[in-house]
Amino acid sequence: MRGDWYMRSDIKFCLCLYFLPIIFGLCSSLCICWLLPLPAPNHVVALAATQEKAALPVPVLSLRLEQATIVHRPDGSYTCRCQGSSNLPDGAYLQFLWKYARPQPAVAIVDGCTTLKQGRFSSDLGNFPASRVIFPGSYQITVFFSPALQQQKIAAEFCETNLTFMLGDETQYAALFAGEQAWLEKFLREVAASCNKIYGAYRAGQNKSDEWYRGRASREDWFMSLRQGEMARGHLYLCHPFVKTVSQLRPLVNLLEMIEEAVEISLQEKEDSFLHKRLGEMNDLYPAVYNDFLQELMALSLNPADALRAELQNCRNEMRQTPPPHRTDNVVREQAAYLVRLHLFYQEVERLPLNSPAAFVAASNDWLWRVRSIMAELSKTQEAMGREETGLLLTPYPLPGEWRTVFDSLLAAWEQKAVSAKVLTALSYPAPTSFSEHWQKFIAGGRVAELVKWHIRRESDRFALYLQTMQKKMSGESSGSEDDIPGVVVSRQADIRLLTQLEPATSLLFRDYLRVCGRLLYVDDVLSQCRQGEIGREAALAELDRLKQEIAALQAACQK
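All right, on to the sheet that holds strand 3 (residues 93-100) then. Taken together, 4 strands build an open sheet; the order of strands is 4-3-6-7 and the sheet is antiparallel. The open sheet terminates on both sides in strands that have one partner only, identified here as strand 4 (107-115) and strand 7 (159-167). Averaged over all pairs of adjacent strands, the angle between their axes in this sheet comes to 20°, without regard to strand direction. In the sheet, strand 6 (residues 137-145) pairs with strand 7 via 9 bridges, with the strands oriented antiparallel. Its bridge partner lying in strand 7, Y139 is registered against F165.

Encoded structure:
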């Protein structure tokens with residue numbers, strides 16, 4: 001027993017001698033770690049480096065456009081020279097854009113580029129002949145630096161700067177502006193007179209074609225003078241203030257020549273559908289150009305309030321012409337439908353801003369332009385109903401007496417708001433019956449439902465005429481030009497939809513009307529595919545029969 005105990009004691013002693021150095025080493029390491037700072041983890045080191053880098057000052061990019069001057073050369077040509085400075089490195093690529101800020105919106109004239117040298121830059125924008133006159137007004141040059149466009153890597157972000165400067169003064173601007181206004185008014189009157197002259201010669205030459213050919217030389221001289229005037233005046237200025245109107249003068253002259261060609265075709269082939277299509281295009285384009293001219297006139301005037309007042313007086317003068325004696329029930333119903341759209345304009349008047357005269361003028365500019373458009377559209381519709389032939393509808397047609405009071409009440413509501421906004425000083429005439437009274441009279445007594453049925457019945461009769469035309473084309477009897485069926489089908493849907501919203505009881509009838517509209521467009525496409533050989537004739541005729549049944553059902557529903 002005693003020997004065993006000694007043996008175990010020897011083993012314990014040996015184990016102590018073995019583990020003692022290991023324990024001593026661990027204790028030494030712990031002491032060292034406690035006395036010395038621990039190394040930071042990788043993300044802590046990166047964060048400290050980022051904070052140290054952010055603490056350094058970042059250079060601010062400087063890009064200054066100091067001056068812009070018009071430099072004339074010995075031969076009379078000129079350029080716009082712009083100069084400035086920047087702290088970008090040499091060789092940095094800069095781009096320029098010269099704009100005329102007076103039109104709405106601004107119009108770009110020319111662009112350019114240059115490179116930076118010793119912190120300075122200079123660039124000549126454009127090379128214009130002496131014949132291009134600079135219209136007085138506000139001009140703006142923009143210079144910008146883009147890192148994506150550099151040939152060398154530059155550690156800088158996108159930067160731009162602008163410089164606005166005046167060329168001429170307001171007196172020069174007003175004089176040239178009045179001259180351009182007078183020229184554009186004269187040009188547009190000549191276009192309308194030329195179109196009426198062509199149509200008058202066509203009516204006179206239907207039975208005597210010699211009358212048409214004898215007047216061809218004078219008409220060609222007229223066209224040539226219009227085209228030369230458009231080309232000369234359109235390129236007279238470096239940038240024209242009436243930029244939108246001037247850009248549409250050439251399409252007007254081109255359409256006049258197309259009408260001349262259409263008349264000759266009509267006289268030779270005894271078919272005037274193509275001529276009436278061209279006249280319809282003129283009836284759409286001419287009012288649009290004239291309205292754009294009026295809108296630009298009010299926006300570019302030095303005194304927009306005076307321009308609005310003058311345009312208001314023009315609207316009243318056109319309304320107060322002698323009304324035509326011919327008035328049918330269709331005309332009265334058509335005018336009643338327009339009253340719904342006028343009510344939307346009346347709601348816009350109630351929402352016009354009154355706290356700022358400038359904001360009121362800007363909103364009224366577009367409002368009065370659209371009121372004038374709907375007045376011309378209503379007059380044109382009335383004339384088309386009162387005449388047997390299509391004719392020309394370029395000149396405003398006088399409104400009947402009751403409709404003059406409706407428009408007067410709408411314009412009076414706007415004028416009262418203009419006085420409240422301190423745009424006008426006083427009312428120009430006593431206010432007529434309020435627009436609200438006209439509106440209440442219109443929607444009373446179930447007139448809206450009758451008007452919806454009348455509109456849809458008239459549209460269904462028109463669909464029946466389209467159906468007859470389709471059937472003739474399928475049988476090869478018609479050789480006339482293609483009708484723009486999709487454009488005609490959707491032309492009246494907006495008005496009828498407004499009426500339906502006022503009278504929900506007509507919603508089912510309006511739904512049937514839309515279904516027939518969709519069917520008509522589908523059949524028109526089917527016939528086109530049939531003429532191209534993609535669909536069989538039997539299938540196309542079956543679709544025509546189905547369309548005929550749906551049109552008849554719609555006509556019957558309108559009679560209930």
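We now examine the packing of helix 14 (residues 447-475) against helix 18 (residues 537-559). Interaxial distance between helix 14 and helix 18 falls to 9 Å at its minimum, and their mutual angle equals 160°. Between helix 14 and helix 18, the crossing angle belongs to the class labelled roughly antiparallel. In this structure, the crossing between helix 14 and helix 18 has a hand that is left-handed. Contact residues: K453, I456, R457, S460, D461, F463, A464, L467, M470, Q471, M474 and S475 in helix 14; R537, A540, L541, L544, L547, K548, I551, L554, Q555, C558 and Q559 in helix 18.

Turning our attention to the environment of Y237. Considering the arrangement of structural elements, one finds Y237 in the loop between helix 5 (216-234) and helix 6 (243-247). C-alpha separation for the pair Y237 and R132, spaced 105 residues apart in sequence, amounts to 4.9 Å. In contact with Y237, other than residues within four places in its own chain, are R132, V133, F135, L176 and E180.

Quick look at the pairing of strand 1 (residues 63-72) now. Pairing between strand 1 and strand 2 (residues 78-86): 9 bridges, direction antiparallel. In the strand pairing of strand 2, L65 is matched with G84. The antiparallel hairpin formed by strand 1 and strand 2 contains 5 residues in its connecting segment, where G76 sits at a positive phi of about 100°.

Reading the values: rules and limits
- Residues numbered from 1 in each chain as written.
- Predicted model: local features only at pLDDT ≥ 70, side-chain atom pairs only at ≥ 80, totals over all residues.
- Heavy atoms only, no water.
- Pairing = 2+ DSSP bridges.
- Helix = DSSP H or I, 4+ residues; strand = E, 2+ residues; numbered from the N terminus.
- Axes fitted to C-alpha atoms, helices over the stretch in contact; angles between N-to-C directions.
- Parallel < 35°, antiparallel > 145°, perpendicular 65-115°, else oblique.
- Left-handed = near helix turned anticlockwise from the far one by under 90°.
- Contact = heavy atoms within 4.5 Å.

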